[in-house]
Amino acid sequence: MGIKTLYKRCLYLILPLLCFNLMLLNGVEAQTGKVKRTEKSALLSYKDKGVIKPVKTLAEWEKKRSQILDSMQSVMGKLPSWSNLPDLNIKFLDSLKTERYTRFNITFTAAGNEIVPAYLYVPVKEDGKEKFPAMVVLHGTGDKGKKIVDGDSYSPNHGQAKELAQRGYVVIAPDYPSFGDLKDYNFDNDRYESGTMKAIFNHMRCVDLLQSRKDVDPERIGALGHSLGGHNSMFLAAFDKRIKVVVSSCGWTLFDFYNAGDEVTKKFGGRLGAWAQSRYMPLFRDKYNLDPSKVPFDFDEVIAVIAPRPFFSNSPLKDANFDVNGVKEGIANVKKVYQFLKANDNLQVRYPDAQHDFPADVRLEAYRFIDKVFKHTPSVDELK
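Residues numbered from 1 in each chain as written. Predicted model: local features only at pLDDT ≥ 70, side-chain atom pairs only at ≥ 80, totals over all residues. Heavy atoms only, no water.

1. A look at the overall build of the chain
1) Next: On a plain count of helices and strands, the chain comes out with 11 helices and 11 strands.
2) Next: Counting only residues that meet the buried cut, the chain has 54% of its 384 residues in that class.
3) Next: Counted over contacts in the chain with a minimum sequence separation of 6, partners at least 24 positions apart contribute 68%.
4) Next: Accessible area of the chain: about 18,100 Å², with a carbon and sulfur share of 52%. (Helix = DSSP H or I, 4+ residues; strand = E, 2+ residues; numbered from the N terminus. Buried < 20%, exposed > 50% of the residue type's maximum accessible area, 1.4 Å probe, protein only. Contact = heavy atoms within 4.5 Å. Areas by Shrake-Rupley, 256 points an atom, 1.4 Å probe, with all protein chains shown as cover.)

2. Section: the environment of glutamate 163
1) Next: Relative to the elements of secondary structure, glutamate 163 occurs in helix H4 (residues 160-166).
2) Next: Glutamate 163 gets classed as buried once you look at its relative accessible area, which sits at 6%.
3) Next: It is 10.0 Å that separates the C-alpha atoms of glutamate 163 and aspartate 381, two residues lying 218 residues apart in sequence.
4) Next: Sequence-distant contacts of glutamate 163, that is, excluding residues within four places in its chain, are made with Pro156, Arg363, Tyr367, Leu383 and Lys384.
5) Next: A polar contact of 2.5 Å, which involves the side chain of glutamate 163, links it to the side chain of tyrosine 367. (Polar contact = N/O pair within 3.5 Å; in protein donor to acceptor, adjacent residues only side chain to side chain.)

3. Quick look at the environment of valine 302
1) Next: Within the element layout of this structure, valine 302 appears in helix H9 (residues 299-306).
2) Next: Residue class for valine 302 comes out buried when judged on its relative accessible area of 0%.
3) Next: C-alpha of valine 302 to C-alpha of methionine 234: the two residues are 68 residues apart in sequence and 6.9 Å apart in space.
4) Next: Those residues in contact with valine 302 that lie beyond four places of it in its chain are Met72, Met234, Phe235, Ala238 and Phe297.

4. A look at the pairing of strand S11 (residues 347-350)
1) Next: In the sheet, strand S10 (residues 311-314) pairs with S11 via four bridges, with the strands oriented parallel. Bridge pairing in S11 links serine 313 to valine 349.
2) Next: Tracing the backbone out of S10, into helix H10 (residues 324-340) and back to the parallel element S11 gives a crossover that is right-handed. (Pairing = 2+ DSSP bridges. Right-handed = clockwise from strand over helix to strand, strands pointing away.)

5. Thoughts on helix H6 (residues 228-239)
1) Next: Taking 1.5 Å per residue as the helical rise, H6 with its 12 residues ought to reach 16 Å, and the 17 Å between its terminal C-alpha atoms agrees with that figure.
2) Next: Turning to H6, its buried residues are Leu228, Gly229, Gly230, His231, Asn232, Ser233, Met234, Phe235, Leu236, Ala237, Ala238 and Phe239. (Expected span 1.5 Å × (residues − 1).)

6. Topic: helix H5 (residues 195-212)
1) Next: Taking 1.5 Å of rise per residue, the 18 residues of H5 would be expected to cover 26 Å, and the 26 Å separating its terminal C-alpha atoms lies within 8% of that figure.
2) Next: With 16 of its 18 residues buried, H5 lies for the most part within the structure.

7. What to know about the sheet that holds S10
1) Next: A sheet is described by the order of its strands in space; here nine strands give the open sequence S3-S4-S5-S7-S6-S8-S9-S10-S11, paired in mixed fashion. Looking at the sheet topology across the chains shown, the edges are occupied by strand S3 (91-97) and S11. Geometrically, the sheet is characterised by an average inter-axis angle of 20° between neighbouring strands, direction not taken into account.
2) Next: One ladder, built from six bridges, connects S3 with strand S4 (residues 101-111); its direction is antiparallel. (Axes fitted to C-alpha atoms, helices over the stretch in contact; angles between N-to-C directions.)

8. Some details on the packing of aromatic side chains
1) Next: With the rule as written, the count across this model stands at 19 aromatic pairs.
2) Next: Aromatic side chains phenylalanine 255 and phenylalanine 297 sit 5.6 Å apart centroid to centroid with 80° between the ring planes, which places their arrangement in the edge-to-face category. Taken together, the residues span a long stretch of sequence, with phenylalanine 255 in the loop between strand S9 (246-249) and helix H7 (262-268) and phenylalanine 297 in the loop between helix H8 (283-286) and H9 at a distance of 42 residues. Accessibility classification places phenylalanine 255 together with phenylalanine 297 in one group, the buried group. (Phe/Tyr/Trp six-rings, centres within 6.5 Å; stacked < 30°, edge-to-face > 60°.)

9. Structural notes on empty space enclosed by the protein
1) Next: According to the stated counting rule, one finds one cavity of 30 Å³ or more in the structure shown.
2) Next: Of the voids in this model, the largest cavity is the one considered here, and its volume is about 30 Å³.
3) Next: As for the largest cavity, its lining consists of Leu138, His139, Pro174, Asp175, Tyr176, His203, Gly229 and Asn232.
4) Next: By residue class, the composition of the lining of the largest cavity is three nonpolar, four polar and one charged. (1 Å grid on protein atoms, 1.4 Å probe; cavity = no way out; pocket = protein on both sides within 12 Å on 5 of 7 lines; lining within 4 Å. Points joined across faces, edges and corners; volume = space filled by probe spheres on them. Nonpolar A, V, L, I, M, F, W, Y, C, P; charged D, E, K, R; others polar.)

10. Here's the deal with the side chain of lysine 64
1) Next: Tracing the backbone shows lysine 64 in helix H3 (residues 58-76).
2) Next: Side-chain polar atoms of lysine 64 contact the backbone oxygen of serine 45, separated by 3.0 Å.

11. Remarks on the pattern of salt bridges
1) Next: Considering all chains together, one arrives at 20 salt bridges under this definition.
2) Next: Linking aspartate 150 and arginine 103 is a salt bridge whose minimum nitrogen-to-oxygen distance equals 2.8 Å. With aspartate 150 in the loop between strand S6 (132-138) and H4 and arginine 103 in strand S4, the pair connects residues that are 47 residues apart, well separated along the chain.
3) Next: The exposure class assigned to aspartate 150 is buried, which follows from its relative accessible area of 17%.
4) Next: With its nearest N and O atoms 2.9 Å apart, the salt bridge here joins aspartate 217 to arginine 220. (Salt bridge = Lys/Arg side-chain N within 4 Å of Asp/Glu carboxyl O.)

12. So, unusual backbone geometry
1) Next: Here the bond from alanine 307 into proline 308 is cis, since omega is 5°, no more than 30 degrees from zero.
2) Next: Summarising the element assignment, proline 308 is placed in the loop between H9 and S10.
3) Next: Backbone geometry places asparagine 84, a non-glycine residue, at a positive phi of 60°.
4) Next: Relative to the helices and strands, asparagine 84 is located in the loop between H3 and S3.
5) Next: We note that serine 227 has phi near 60°; this positive angle belongs to a residue other than glycine.
6) Next: In this fold, serine 227 is placed in the loop between strand S8 (216-226) and H6.

The structure is reproduced here in structure tokens:
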């Protein structure tokens, strides 16, 4: 066999392997067709004048963190300015007194002509306690809005607001735009590029309201939510460092693993179509064509932005929407960030054998996780 013939045969053998490896390096998985967003999933790398560099210092991590927030805003729209905001102008509409707390039905002003309805829970004051820890509790998808987290739900596992109030937390539970008392919200006429960003702004103003109260410790405020409230608690904490602990129940998976179901997929024109509704992030369709490989952020990055603050995820094995395999992959990615920031124990996830729900045993574990972060001894350490 001549040298030329041997050379050609080697090329025939090597070139396919070389091309396959290049495909993997470029993020294409040949068998599944999924796009591995390697640049985005490399959480400990950042862009410096267009060049990808490894994160080695806290200053470089802050650059990466800022870049993730920029990517989120490219999908959600810009976070509005916090200057020249009006007074909160809190109005108390009615109240319900229980043995352990009083629930107030309130409205407050988020910005000019932007009114937010919410429940505000204030625990009965105990001797020697001057200030309470506080929680922003965000409801899941449902026409009843904030009533869901007050226990008015098909599931006994959704009354997290009143349960935390029973444990001695001041709690604020707002309606998400298009639900509850905001059911007639018009997304086309507001100043936001997405319902998600409108909600983030409202929820940050909830933190303002909590910090304005003399009975709240301004350094002990957290966020918790289930489903829709699960990812909105994450978004709130990503943009607001005043949130010191986050609990997300059935709130996320990596976008490659998100499953809306055949009916929803058909209704909204694609697997990620549900995310592109006006009440969420319409740029998913208008700018990124419902293609997860083009969407410039993912949920492991949202958790990374929250780091090193404590984060607890309830991610059931049988959640039909937020596939647990995407959670496990995302947790593996973000664990490296918590390790880098020397906060390994602050990242917690539970995988109950359940569907899209927040089982009582995991919920109680999540509450105790919050108690531990805030060094809070609850009034009662059980679920009623």
